[in-house]
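# Coordinate inspection notes
Read off the chains here:
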Amino acid sequence: MEGRALMWFRKGLRLHDNPALEHACEGAKNVYAVFVLDPWFLAPDPCAPSPGSARVGINRIQFLLGCLKDLDLRLKSRGNQLLLLHGNPVEIIPGLLHKWSIKKLCFEYDTEPYSLQRDNFIKEHATETGVEVCSPVSHTIYNPEDIIAKNGGMVPLTYQSFCRVLGKPSNPLGDGPSHIPPPIDYEGVNVLSVPCLEDLGYKNLNEEFSPFPGGETEGLKRLEESLKDKNWVSEFEKPKGDPTAFMKPATTVLSPYLKFGCVSSRLFYSRLKVLYSQVKSYTKPPVSLEGQLLWREFFYTVGYGTPNFDRMVGSPICKQIPWKDDEDLLAAWRDGHTGYPWIDAAMVQLRKWGWMHHLARHAVACFLTRGDMFVHWEKGRDVFDRLLIDDDWSINNGNWLWLSASAFFAQYHRIYSPITFGQKYDPEGKFVKYFLPVLQDIPKQYIYAPWKAPDEVQKNANCIIGKDYPYPMDHVVANKACRECMAAAYQLNKDATGKPTAEQLDLLK
Ligand code: FAD
């Protein structure tokens, strides 16, 4: 029994720079590398608007399965293997500690509310039963708690104040243990091999899948490719990328690999620093690639330190705005049926690929909230939460708060045009035509506003607006109404209580 350690993988699905795994291997005779398929995330939901579970869309599940397959192979190459189980971790992990007489439980620290609650329960149980628990921070470069302490116990609410208190991060740990002692005597437990989507009960899988496969091997390859072109990295400026570039995206697409921890953010950061030291000049935060990683750290820190970060009511930083609760508008946005090809194509890309460029996320989030529809940011957040392969609780909530001008950003009158924004980057409409084939034969001069095409043109293109593709809401009218509501809501948020009364809310309707 001496020296048995359980390494519980959740995120952090990698061997390199994995402090929890290093701790598990220290002095251990046997390491049980476990992943639990949790029905809270994964139970198939036939009523969901697209395949997947209620919480997670099919692309992210597929990405996760790719990560698990790769992790198993990599563990095998170091003399170990992945032990995959199905069920509620709160029941399963304590059972395994007992059954396998585990002395040390190791897992990566996770700041998401669901994870914190789950982990605290398991930690308490393990400690009570004499199991040593080791839970280092390695999903982020910095420990959010340290940042808040360095900031005098206050959560830094601006990127600038956040950057001021950052010290030098520690170095990544390297490729991971060369040998991971194998588990023994685990036969009595129902260990699965990595399933496919059908094995998990998902049906109707005829959609196009994400082109980004999961796993540490893919993630590390992507990191190498992203850093290969030193000029590209040193000149990277986020606002200048082309959001319509889809065959070769304008950014790294490392986000899903960072979300699942297939690539260590600390490794990415240190590789960037080495590259910067080898070039004459390079861009700086907030627009540089380093700056992007720091945005990630920023939202993790604020998310960790702010109560009710993921909702409007009860949040100390979120403006109270009387958003509409309009399921039809929400569905039109979610399903890519707004009638604005740029917005709809981006939403189809999200559903089919589980990813879209940052500026496309800006455009669709602005459109749903303060730009046109005035629908609650929490509803849009939920759609992203389900469909993104890189969905990350802190980052997603942080960016939705920002884009809806509910927190961090107050220039609510600065709107992205649903017509000219995409057109500026892709006048031919290649992006739109790829994701919305119904518009394939619409001439380029109408591709961003097809309702303006004369009847004859629509007929020749086999695309009658109002029949084959929706007629849009009037952007100018909708945006004017949104601005008025935002102005009134901002005024009310200045009042002493900070919260609008029922009467005031009525006035805003
Ligand atoms: P790159 O530009 O190559 O950046 C490298 C890494 O930096 C990213 O992988 C990501 O980890 C981090 N990063 C970049 N931009 C941001 C940002 N604005 N905030 C925090 N971290 C950032 N990103 C997520 O990872 N998960 C989400 O759930 C998510 N939800 C978003 C919701 C909205 C409404 C918006 C506007 C943005 C959201 N983002 C989210 C941030 C950003 O759009 C993505 O991180 C980025 O587009 C991912 O592509 P990339 O890896 O090519 O980014």
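What comes next concerns the included structure. Because the structure is predicted, anything quoted here is derived from the model rather than measured. (Residues numbered from 1 in each chain as written. Predicted model: local features only at pLDDT ≥ 70, side-chain atom pairs only at ≥ 80, totals over all residues. Heavy atoms only, no water.)

### A few points about the packing of aromatic side chains
The test is simple: Put simply, two rings from Phe, Tyr or Trp (the six-membered ring, in Trp's case) pair if the centres are within 6.5 Å, and we call them stacked under 30 degrees between planes, edge-to-face over 60, tilted for the rest. The helix and strand labels rest on DSSP assignments: H or I over at least four residues marks a helix, E over at least two residues marks a strand, and numbering proceeds from the N terminus.
Within this structure, the stated rule accounts for 42 aromatic pairs. For the pair Trp 342 and Phe 431, a centre-to-centre distance of 5.7 Å together with 55° between the ring planes defines the contact as tilted. With Trp 342 in helix α14 (residues 341-353) and Phe 431 in helix α19 (residues 430-435), this pair connects stretches of sequence that are 89 residues apart. Measuring from ring centre to ring centre gives 5.0 Å for Phe 384 and Trp 400, while their planes differ by 80°; the resulting arrangement is edge-to-face.

### Overview of the pattern of salt bridges
The following threshold applies: Salt bridges are counted wherever a side-chain nitrogen of Lys or Arg sits within 4 Å of a carboxyl oxygen of Asp or Glu. Each residue is assigned to one of three classes by its accessible area relative to the maximum for its type, calculated with a 1.4 Å probe on protein chains only: buried under 20%, partly exposed between the two thresholds, exposed over 50%.
Applying the stated criterion across every chain, the model contains 24 salt bridges. The salt bridge partner of Arg 14 is Glu 108, with a shortest N-O separation of 4.0 Å. Of this pair, Arg 14 sits in the loop between β1 (4-9) and α1 (19-25) while Glu 108 sits in the loop between β4 (104-106) and α5 (113-128), placing them 94 residues apart in sequence. According to the relative accessible area criterion, Glu 108 is buried, its value standing at 6%. Between Asp 335 and Arg 334 there is a salt bridge; the shortest N-O distance is 2.8 Å. Through salt bridges that share partners, Arg 10, Arg 118 and Asp 119 make up one connected network.

### Here we look at the pairing of β1
The test is simple: Strands pair, by our definition, only if DSSP identifies at least two bridges between them. Seen with the strands pointing away from the viewer, any crossover whose path from the first strand over the helix to the second strand runs clockwise is right-handed.
Of all six residues in β1, six are buried; the element is thus mostly enclosed. Across six bridges, β1 lies against strand β2 (residues 30-37) in parallel orientation. When the sheet's bridge partners are listed, Phe 9 is paired in β2 with Phe 35. Handedness of the β1-α1-β2 crossover: right-handed.

### Remarks on the packing of helix α15 (residues 358-371) against helix α21 (residues 475-493)
Rules: For every element, the axis is a line fit to its C-alpha atoms; helices are fit only across the contacting stretch, and the angle between N-to-C directions ranges from 0 to 180 degrees. The contact criterion used throughout is that any non-hydrogen atoms of two residues lie within 4.5 Å.
Two numbers describe how α15 lies on α21: the axes approach to 9 Å, and their chain directions differ by 60°. Residues Thr 369, Arg 370 and Gly 371 of α15 pack against His 475, Ala 478, Asn 479, Cys 482 and Met 486 of α21.

### With respect to the state of the cysteines
Definition in use: Disulfides are defined in this document as cysteine sulfur pairs within 2.5 Å.
In this structure the tally under the stated criterion is zero disulfides. The thiol of Cys 67 is unpaired, and the distance to the nearest cysteine sulfur, on Cys 262, comes to 3.4 Å. Sulfur of Cys 366: no disulfide; nearest cysteine sulfur belongs to Cys 482 and is 8.5 Å away.

### What about the nonpolar core?
Spelled out, the test is: Nonpolar cores are built from buried Ala, Val, Leu, Ile, Met, Phe, Trp, Tyr and Cys residues. Side-chain atoms within 4.5 Å join them into one set.
Membership of the largest hydrophobic core comes to 134 residues, with the highest contact counts inside it found for Phe 9, Leu 13, Phe 35, Leu 68, Phe 268 and Trp 333. Once residues lying within four places of it in the same chain are set aside, the contact partners of Phe 35 are Phe 9, Arg 10, Leu 13, Leu 64, Leu 68, Leu 82, Leu 83, Leu 84 and Leu 85. Of all hydrophobic cores here, the second largest spans 20 residues; its members include Leu 96, Trp 100, Ile 102 and Ala 126.

### Looking at unusual backbone geometry
Cis rather than trans, the peptide bond between Pro 285 and Pro 286 has omega equal to 10°. With respect to the helices and strands, Pro 286 occurs in the loop between α11 (265-277) and α12 (289-305). Located in the positive-phi region is Val 253, a residue other than glycine, with phi close to 50°. Tracing the chain through its elements places Val 253 in the loop between α9 (230-235) and α10 (255-259). For Val 253, a relative accessible area of 2% corresponds to the buried category.

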